[in-house]
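Topology and contacts: notes
In case you want the letters, here they are:
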There are 2 protein chains.
Amino acid sequence: FEAMFPTLVTELISGIRTSESIPSAAVDYIEQMVNYTVPGGKMNRGLTVLHALEALRAADAAPGAGGALSEADVKDASVLGWCVEWLQAFFLVADDLMDESVTRRGQPCWYRRPEVGTIAVNDSLLLEALMYEIISKHFGDRGDTYIRVVDLFRKVTLRTELGQLLDLTSEKKAKEGGNGLDFSTFTEETHRGIVVYKTAFYTFYLPIACALILAGEKRPAVFAEAESICKVMGEYFQVQDDYLDAYAPPEVLGKVGTDIQDFKCSWLAVKCLQLATPAQRKVFEDNYGRKDDANVAAVKALYRELDLEKVFEQYEEDSVKQINALIDNVKDVTPTIYKDLLAKVYKRKK
Amino acid sequence: FEAMFPTLVTELISGIRTSESIPSAAVDYIEQMVNYTVPGGKMNRGLTVLHALEALRAADAAPGAGGALSEADVKDASVLGWCVEWLQAFFLVADDLMDESVTRRGQPCWYRRPEVGTIAVNDSLLLEALMYEIISKHFGDRGDTYIRVVDLFRKVTLRTELGQLLDLTSEKKAKEGGNGLDFSTFTEETHRGIVVYKTAFYTFYLPIACALILAGEKRPAVFAEAESICKVMGEYFQVQDDYLDAYAPPEVLGKVGTDIQDFKCSWLAVKCLQLATPAQRKVFEDNYGRKDDANVAAVKALYRELDLEKVFEQYEEDSVKQINALIDNVKDVTPTIYKDLLAKVYKRKK
Ligand SMILES: [Mg+2]
Ligand SMILES: [Mg+2]
Ligand SMILES: [Mg+2]
Ligand SMILES: [Mg+2]
Ligand SMILES: [Mg+2]
Ligand SMILES: [Mg+2]
């Protein structure tokens, strides 16, 4: 899987070099940009395409025949897996610029490089267009499969952008809500809507749906079931993310969490507001969304006071129980694809 | 054609409202954004799809049978015509933000509205995704035609983004070229590369290719010919644009040109540097790319001194001669599609 990435980049870049009459320096810039922004993540999303296709083929094979993937399967799954990673890079380049983030995967965000700046907006668009160029190169002659893959990426992209819209407008509204901060939008519904759209579709549903398409799955009910399971898993995943942002040691997490400073509609903030007494609510409102270490410490102290660690553990237990119940109901495809996925994130520490 | 726009928006928005579980306020925001950014242009690009399909059908019809378009043709051409306008809106929202532009079509640029800001990056992405949603709704069940339309928009998008990259990096490089400004990149080659990629593909080739697809055209040579004619027309169109920026009265042009202030690699700047004596070059270098009225006036005086008006008129004559020669060579489809297109822009005043 990892070895496929440089191959894809070489193929893509030499394709542009020969078929487009643009200066060589511009093509070098694109190559650099792709190598800076696409690799370097945990690759969980990309690898899921491969692992899910393995499980699907194994389930289809005659008992005892083993489920080894053909070479063509490995190639197809690796290409689409990297396209999922590529799609994420497209989102992250734009997201970091909009969020004014500083670092990403241990290096400065792409837009913060001196030669880039707001050109990153166009670079993000280029990443998206180049991803479809890869899909077209590898699947363009497969008729219906090509349409299904393109429509899948397209639809997931639209939904992720809808999620970003919810996130950005709720944050902006809360920050600018008349006199001071407005926490009325910090509800479980807002949180769920944002995270399902912004994260769950591209993180969980997209790789599973890629594998289903490659396995030749056509039943709409199977895709609908995948979508509903992946939504619940995505919500669990984001709650973990929000929890780790405040509770994980930075050296394990790989970054310093800033959700409190950034006024995020985090699951912790939602829970805090649900459980707080009027006096505690006042403490929260006076300190949340401020950059000062003292303010951040006050919010974290409040989280401890309300024992949100315990509340999270209970949530995790309930949520995993619910997900397992959904998985136990899966009949039309092997439930292994969902079990593997859950195992990848269950009780994760980063 | 114009009546189709509100229909498309209503259809799209109610589709999102019923199929996506996002708050109604978010859907309202999208509707507002679309109505603010997509209509209001000259609609030349969109109308070209309709006019070119008319010419193609008329040429195919039995002599004397007239070439009236069927209702289905009018609908298909209007949908794709609006998709071309929609694609432009997607580019312009991002471009205005990157260029820090102030007004667009007589109103503030979308990103400058107080409730928007950098959310415009995501809005631009949403415009793109919604355009494919429209294409999918209207052409998704037409198999090969759907693939051809999607691949056309995709490829034109990639090329426009490559053009933006050339534009943005050459501008940034020139502005930051060591000590002061660096005009070494202001050449005819740079200018041609930028304008062909940034403008010609989506302004000329895209609407013509849409009409060809709707007319059932499949010969690759016809599309290749369309591409080469449209590239030359696109270059002519952009040279006009650059000329009008400095020479057209603002009340006719509908905006105040700022290419001189903005340090654009304009055709006028390229010609000026080609024709200038060392002393004149010094005047240019001392004044180009500065905001002060006196600097702008000095550059315009230099343009007059070098009689760039005459140089432009000569260019226009040569260029139109070349385009007409290309059109006279067209044998496989009716040359009317190109003649009409040229007539729309020949000696334009705005
Ligand atoms: Mg972010
Ligand atoms: Mg964000
Ligand atoms: Mg987080
Ligand atoms: Mg601009
Ligand atoms: Mg621009
Ligand atoms: Mg202009």
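Figured I'd write up the structure that's included with this text. Numbering of residues begins from 1 in every chain and follows the order in which that chain's sequence is written. To read the labels, note that chains go from A and ligands from 1, taken in the order they are written. For a predicted model such as this one, the threshold for reporting local features is a pLDDT of at least 70, and the threshold for listing and counting side-chain atom pairs is 80 or more; totals across whole chains, interfaces and linings nevertheless cover every residue. Excluded from the side-chain calculations are hydrogens and water; all other atoms, namely the structure's heavy atoms, are used.

This brings us to the overall build of chain A. The secondary structure content of chain A amounts to 14 helices and two strands. Referenced to the eigenvectors of the C-alpha coordinate spread, the extents of chain A come out at roughly 65 × 55 × 35 Å. Only protein chains enter the area calculation, which uses a 1.4 Å probe; residues under 20% of their type maximum are buried, those over 50% are exposed, and those in between are partly exposed. Across the 350 residues that make up chain A, the buried fraction comes to 55%. Sequence-distant contacts in chain A: of pairs separated by 6 or more residues, those separated by 24 or more amount to 77%. Working definition of accessibility: Shrake-Rupley area with a 1.4 Å probe, residue cover restricted to the visible protein chains. Carbon and sulfur atoms form 52% of the exposed surface of chain A, whose accessible area is close to 14,600 Å². Residues scored as positive are Lys and Arg, those scored as negative are Asp and Glu, and His as well as the terminal groups of each chain are ignored. Charge placement uses NZ in Lys and CZ in Arg. For Asp and Glu, CG and CD serve respectively. Put simply, chain A has 41 plus and 53 minus side-chain charges, and the middle of one group is 2 Å from the middle of the other. The helix and strand labels rest on DSSP assignments: H or I over at least four residues marks a helix, E over at least two residues marks a strand, and numbering proceeds from the N terminus. Here, two residues are considered to be in contact whenever any of their heavy atoms come within 4.5 Å of each other.

Let us now look at the interface of chain A and chain B. Size of an interface, as often reported, equals the accessible area lost when the parts are brought together. The interface is formed by 46 residues belonging to chain A together with 46 residues belonging to chain B. By buried area we mean how much accessible surface two parts lose on assembly, using a 1.4 Å probe and totalling the loss over both. Its largest share of buried area at the contact with chain B, chain A owes to E20, R154 and L165 of chain A, together 14% of the area lost on that side. Salt bridges are identified by distance alone: a Lys or Arg side-chain nitrogen within 4 Å of an Asp or Glu carboxyl oxygen. Where chain A packs against chain B, one counts six salt bridges. Polar contact criterion, stated in full: a pair of N or O atoms within 3.5 Å, where within protein one must be able to donate a hydrogen and the other to accept it, and residues adjacent in sequence count only if both atoms are side-chain atoms. At the boundary of chain A and chain B, one finds 16 residue pairs in polar contact (both at pLDDT 80 or more). Looking at the side of chain A that touches chain B, the elements that each hand over two or more residues are α2 (24–37), α4 (71–99), α5 (119–139) and α6 (144–175) of chain A. The biggest single contributor to the side of chain A that touches chain B is α6 of chain A, with 16 residues. Gly is placed with the polar residues, together with every amino acid not listed as nonpolar (Ala, Val, Leu, Ile, Met, Phe, Trp, Tyr, Cys and Pro) or charged (Asp, Glu, Lys and Arg). Of the residues contributing to the side of chain A that touches chain B, the split by class is 27 nonpolar, eight polar and 11 charged.

Looking now at the coordination of the magnesium ion (ligand 4). For Na, K and Ca the donor cut-off is 3.2 Å, and for all other metals it is 2.8 Å, counting N, O and S atoms only; because water is absent from this set, sites may look incomplete. Taken together, D95 of chain B (OD) and D99 of chain B (OD) make up the protein donors of the magnesium ion (ligand 4), found 2.0 Å from the metal. On the basis of relative accessible area, D95 of chain B is assigned to the buried category, the value being 13%.

All right, on to the relation of the copies chain A and chain B then. Superposition of the copies used a least-squares fit over C-alpha atoms from residues whose pLDDT is at least 70 in both. After a rotation of 180 degrees and a shift along the axis of 0.0 Å, chain A superposes on chain B with an RMSD of 0.1 Å. Such values leave the two copies arranged in the relation of a two-fold axis. When the interface residues of chain A are mapped onto chain B, 100% of them are again interface residues, pointing to one common binding face.

Looking now at the state of the cysteines. Two cysteines, two sulfur atoms, one covalent bond between them: this is a disulfide. Cysteine sulfur atoms are paired as a disulfide whenever they fall within 2.5 Å. Tallying each qualifying case throughout the model produces zero disulfides over all chains. Unpaired in terms of disulfides, C83 of chain A finds its nearest cysteine sulfur in C210 of chain A, a separation of 7.9 Å. Here C230 of chain B is not disulfide-linked; the sulfur of C210 of chain B is the nearest cysteine sulfur, at 11 Å.

Pairs of aromatic rings are described using the distance from one ring centre to the other and the angle between the two planes. Pairing of aromatic side chains requires ring centres within 6.5 Å, counting the rings of Phe and Tyr and the six-membered ring of Trp. Pairs whose planes differ by under 30 degrees are stacked, by over 60 edge-to-face, and all others tilted. Counted by the stated rule, this structure contains 42 aromatic pairs over all chains. For the ring pair Y243 of chain B and Y247 of chain B, a centre distance of 4.5 Å and an interplane angle of 10 degrees mean the geometry is stacked. On the criterion of helical spacing, the pair formed by Y243 of chain B and Y247 of chain B is a turn pair, its members being four residues apart in helix α8 (residues 220–247). Overall, Y243 of chain B belongs to the buried group, its relative accessible area being 11%. Taken together, the ring pairs in this structure connect F183, F186, F263, F284 and Y288 of chain A into an aromatic cluster. Throughout this description, the term charge over a ring refers to an Arg CZ or Lys NZ atom that lies within 6 Å of the ring centre and within 35 degrees of the ring normal. In this arrangement the basic side chain of R348 of chain A is found over the ring face of F237 of chain A, its NZ or CZ atom lying 4.0 Å from the centre.

Take the pattern of salt bridges next. Pairing between side chains of opposite charge can happen when the charged atoms of each approach one another. Counting across every chain of the model gives 44 salt bridges over all chains. A salt bridge links R154 of chain B to D151 of chain B; its shortest N-O distance comes to 3.0 Å. Taken as a pair, R154 of chain B and D151 of chain B lie in helix α6 (residues 144–175) at a separation of three residues, close to a single helical turn. For K291 of chain B, the salt bridge identified is with D262 of chain B, shortest N-O distance 3.4 Å. In this pair, K291 of chain B sits in the loop between α11 (278–287) and α12 (293–305) while D262 of chain B sits in the loop between α9 (250–253) and α10 (267–275), placing the two residues 29 residues apart along the sequence. On the basis of relative accessible area, K291 of chain B is assigned to the exposed category, the value being 62%. The partly exposed category is assigned to D262 of chain B, whose relative accessible area is 24%. Taken together, the salt bridges that share partners define one network made up of E20 of chain A together with R159, E227 and K231 of chain B.

In this section: the nonpolar core. General note: in soluble globular proteins, nonpolar side chains tend to be found buried as a group. Residue types Ala, Val, Leu, Ile, Met, Phe, Trp, Tyr and Cys, when buried and joined through side-chain atoms within 4.5 Å, form a set referred to as a nonpolar core. Ranked by size, the top nonpolar core spans 262 residues in total, and within it W86, F153, Y303 and Y338 of chain A together with W86, F153 and Y303 of chain B carry the most contacts. For F153 of chain B, the residues in contact, after removing those within four places along its chain, are L80, C83, V84, L87, M131, Y132, I135, L206 and C210 of chain B.

Another point: unusual backbone geometry. All names here are of chain A. Look at K347: it is not a glycine, yet its phi comes out positive at around 50 degrees. Relative to the helices and strands, K347 is located in the segment after α14 (336–345). Classification of K347 as partly exposed rests on a relative accessible area of 47%.

Residues lying three or four places apart along an α-helix face the same way, a consequence of the helix completing one turn every 3.6 residues. All names here are of chain B. If you check α12, its first and last C-alpha atoms are 18 Å apart, about what 13 residues at 1.5 Å a residue would give, namely 18 Å. Of all the positions in α12, only N295, V296, V299, L302 and Y303 are classed as buried. Down the axis of α12, the buried side of the element spans an arc of 120 degrees, and every buried residue falls inside it. Exposed and oriented more than 90 degrees from the buried face of α12 are D293, A294, R304 and E305. Against α8, α10, α11 and α13 (308–328) lie the buried residues of α12. Once α12 ends, the next one or two residues include D307, with phi positive near 50 degrees. One less than the number of residues in a helix, times 1.5 Å, gives the span that helix is expected to have. Relevant arc is that of directions from the helix axis to the C-beta atoms, nothing else.

We now examine α11 of chain B. All names here are of chain B. Turning to α11, its buried residues number three or more, namely Q280, F284 and N287. Each buried residue of α11 lies within a common arc of 85 degrees when the element is viewed along its axis, so the set occupies one face. Exposed positions of α11 whose direction lies more than 90 degrees from the buried face are P278 and A279. Those residues of α11 hidden inside the fold are in contact with α10 and α12.

Residue and element names in this part refer to chain B. For the pair α11 and α12, interaxial distance at closest approach is 9 Å and the crossing angle is 150 degrees. In this view, α11 runs roughly antiparallel relative to α12, as classed from their interaxial angle. Here α11 runs over α12; the crossing is left-handed. Contacts between α11 and α12 involve Q280, V283, F284, D286 and N287 on the former and, on the latter, N295, A298, V299, L302, Y303 and E305. Class assignment of the residues belonging to the contact of α11 with α12 gives a composition of six nonpolar, three polar and two charged. Think of each axis as a best-fit line through the C-alpha atoms, taken over the contacting stretch in the case of a helix, with angles from 0 to 180 degrees between the N-to-C directions. Relative orientations are named as follows: roughly parallel for angles under 35 degrees, roughly antiparallel for angles over 145 degrees, roughly perpendicular for angles from 65 to 115 degrees, and oblique for any other angle. Helix crossings are classified by the rotation of the near helix relative to the far one: an anticlockwise turn of less than a right angle makes the crossing left-handed, while a clockwise turn makes it right-handed.

Once that is clear, we can look at the environment of L125 of chain A. Here L125 of chain A shows up in helix α5. Residues L125 of chain A and F90 of chain A, spaced 35 residues apart in sequence, show a C-alpha to C-alpha distance of 6.9 Å.

In short, the description is geometric, and any link to function would need to be established separately.
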